[in-house]
Each structure stands twice: as structure tokens, then as C-alpha cells.
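This is what each chain is made of:
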Amino acid sequence: MSVPFLGAQSVIVGDDEAFTCADDPGEIDMGSAARGSITVREAAILTDLARGRCVLEIGTGTGFSAQSMITTARSVVSIDIDPYVIEYVFPRLFALGIECATEIPANRLFDLVFLDGNHSLSSVVADVERARKVSARGGVMVFHDLSFSGVESGLRQLNLLDAVERFGTPLGLGMLKLA
Ligand SMILES: C[S@@+](CC[C@H](N)C(=O)[O-])C[C@H]1O[C@@H](n2cnc3c(N)ncnc32)[C@H](O)[C@@H]1O
């Protein structure tokens, strides 16, 4: 695929492709490696899931997932706490009609929450709890990086792991349907 935004660099993930921002100094407390996006195949799956839905994303990162979902979603709110993302990625997404913020907006409900923030066990547990509070009845949660031990352990601790439907992508994308 041609690069999806100015300054994107392609990263091969198995037989798929993801992106980083060329000038990314790295995530807070995670060293200097540039953060990676979801893959092109995952973006196609997410875009389909987001169709017509009010979406909340936890973990803007490069912006690739948010800019993919806004093509079909009713609305997308994307949150991130990293100064690099706030300064350089948020403005690009604002221009596409995506609402960007550092906290989950109060008094709003979402029918798809995409969780792709910090992948430690404690953060995953905290993010699922935050997502539950703003999820509409009959909504879905979508998880990225299910192949990471923190994500898997967090979902196991919450007794949700077996209920997650997986899409078979190398990094692990999965969906939990809410009652
Ligand atoms: C792997 S990246 C997300 C990738 C994104 N889905 C994409 O396609 O580019 C993870 C992001 O989560 C952010 N993050 C970490 N902890 C967070 C938190 N508590 N709230 C919101 N974002 C957080 C990081 O700053 C980082 O930008």
C-alpha cells in the first residue's frame, strides 16, 4: 500500500504491513523505538466493524487506526496522553473530522470501543473498566495486540479472554460483543 499519511514509514509484519511515524521519538517510558500502527488487514477489518458506529479509540498512536475508521464510522473520538501524539498526530486527525482528546469525554456513550493503549496487565484491566462505563448496550469492544502477554493476562484476569472472537491477524485483533 502507498503510505497512508505524510511521514509514514512502512513496517512489514508477517505477510502484512503496518506503519510508524518517521520522526516519532518513542512512547513515554518505552525507549526510542517508534510506535507501530495496526496493520493494513486489521485496518480493513476495523473499518468494516466501525461502519455507522460511534467509536472511541484508546491509544491514537500513529493515527492510522482512527483515520481508517472515520471513513465509515458515524463519529470517532481518539484519546492519547503522549506529548508527541498530541502535538503532531492530533492536528492531522482533527483535519479528518476526528475528535482527539487526552481523556475519555464524560456523558457520552460509544457503540465500538477500540482498545490499543498501554499493553501492561494493569493498564489493560483499567482500560476495559473505563471502556465498560462508556459502552452502549449491545456495543462491542475491539482489542489489538492480543499476542502481547499483558493484553492476554489482563483479559484472562477479567474472565473475558475466552469470549473474545479473534480475526486471525499476526498481532492479534479480537472483538468482544457486549450484552
Ligand atoms: C500501539 S499505539 C496505538 C496504535 C494505533 N492504534 C495506530 O494504529 O497507530 C499505543 C498508544 O497508546 C497510547 N497510550 C498509552 N497509555 C495510554 C492511556 N492511558 N490513555 C490513552 N492512550 C495511551 C500511547 O501513547 C501510544 O500512542
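Structure's up top.
Note that the structure is a prediction, hence the values are computed from the model and not measured.

In terms of regular secondary structure, the protein chain is built from 5 helices and 9 strands. In the protein chain, the succession of helices and strands from N to C terminus is β-β-α-β-α-β-α-β-β-α-β-α-β-β. Compactness check: the protein chain gives a C-alpha radius of gyration of 15 Å against a globular reference of 16 Å for 179 residues, within 12% of the reference. Across the 179 residues in the protein chain, those meeting the buried criterion constitute 39%. Residue pairs at least 24 apart in sequence account for 57% of intrachain contacts in the protein chain once pairs closer than 6 positions are excluded.

Among the 5 residues that make up strand β4 (residues 75–79), 4 are buried, leaving the element largely enclosed by the rest of the structure. For the handedness criterion, the β-α-β arrangement of strand β3 (residues 54–58), helix α2 (residues 64–69) and β4 is classed as right-handed. Judged from the 3 bridges that link them, β4 and strand β5 (residues 99–101) form a sheet pairing that is parallel. Each bridged residue has a counterpart across the sheet, and for Ile79 the counterpart in β5 is Ala101.

This paragraph deals with the site of the ligand. Every one of the 20 residues lining the ligand counts as a neighbour, but Ser37, Gly59, Gly61, Thr62 and Asp82 are closest to it. The residue inventory of the shell around the ligand, partitioned by class, reads 6 nonpolar, 9 polar and 5 charged.

Another aspect to go through is the environment of Ser68. Of note, Ser68 is situated in helix α2. Put simply, Ser68 and Leu155 are 87 residues apart on the chain and 25 Å apart in space, counted from C-alpha to C-alpha. Each residue touching Ser68, except ones within four places of it in the same chain, is listed here: Ala43, Leu46 and Thr47.

To continue, consider the packing of helix α4 (residues 121–133) against helix α5 (residues 149–157). Where α4 contacts α5, the axes come no closer than 8 Å and their chain directions differ by 50°. In this view, α4 runs oblique relative to α5, as classed from their interaxial angle. Viewed along their axes, α4 and α5 form a crossing whose handedness is right-handed. Residues Leu121, Val124 and Val125 of α4 touch α5, and the partners they reach there are Gly150, Val151, Ser153, Gly154, Leu155 and Gln157. Of the residues contributing to the contact of α4 with α5, the split by class is 5 nonpolar, 4 polar and no charged.

A separate point is the sheet that holds strand β6 (residues 110–115). Sheet architecture is open: 7 strands sit in the order β5-β4-β3-β6-β7-β9-β8, paired in mixed fashion. The two strands at the open ends of the sheet, each matched to only one other strand, are β5 and β8 (165–166). The pairing of strand β7 (residues 135–144) with strand β9 (residues 173–177) spans 5 bridges and is antiparallel. Among the inter-strand pairings, Val140 is bridged to a residue of β9, identified as Lys177.

The terminal C-alpha atoms of α4 lie 19 Å apart, and with 13 residues this matches the ideal 18 Å at 1.5 Å per residue to within 8%. Val124, Asp127, Val128 and Ala131 are the residues of α4 that are buried. Buried residues of α4, seen end-on, are gathered within an arc of 100° and therefore sit on one face of the element. For α4, exposure combined with an orientation more than 90 degrees from the buried face picks out Ser122, Glu129 and Lys133. On the buried face of α4, the contacting elements are β3, β6, β7 and α5.

Moving on: helix α1 (residues 40–49). If you check which residues of α1 are buried, you get Arg41, Glu42, Ala43 and Leu46. Contacts from the buried residues of α1 go to β2 (16–21), α2, β6, β7 and β9.

Here the focus is the pairing of β9. Of the pairings in the sheet, the one linking β8 to β9 comprises 2 bridges and is antiparallel in character. Bridged to Arg166 within β9 is Gly174. Counting the residues that bridge the hairpin from β8 to β9 gives 6 residues, and of these Gly168 lies at a positive phi of roughly 75°.

Calculation criteria
- Residues numbered from 1 in each chain as written.
- Predicted model: local features only at pLDDT ≥ 70, side-chain atom pairs only at ≥ 80, totals over all residues.
- Helix = DSSP H or I, 4+ residues; strand = E, 2+ residues; numbered from the N terminus.
- Rg over C-alpha atoms; globule rule 2.2 N^0.38 Å.
- Buried ≥ 20, exposed ≤ 12 C-beta atoms within 10 Å, placed from the backbone.
- Contact = placed C-beta atoms within 7 Å.
- Right-handed = clockwise from strand over helix to strand, strands pointing away.
- Pairing = 2+ DSSP bridges.
- Near = placed C-beta within 6 Å.
- Nonpolar A, V, L, I, M, F, W, Y, C, P; charged D, E, K, R; others polar.
- Axes fitted to C-alpha atoms, helices over the stretch in contact; angles between N-to-C directions.
- Parallel < 35°, antiparallel > 145°, perpendicular 65-115°, else oblique.
- Left-handed = near helix turned anticlockwise from the far one by under 90°.
- Expected span 1.5 Å × (residues − 1).
- Arc of directions from axis to C-beta.

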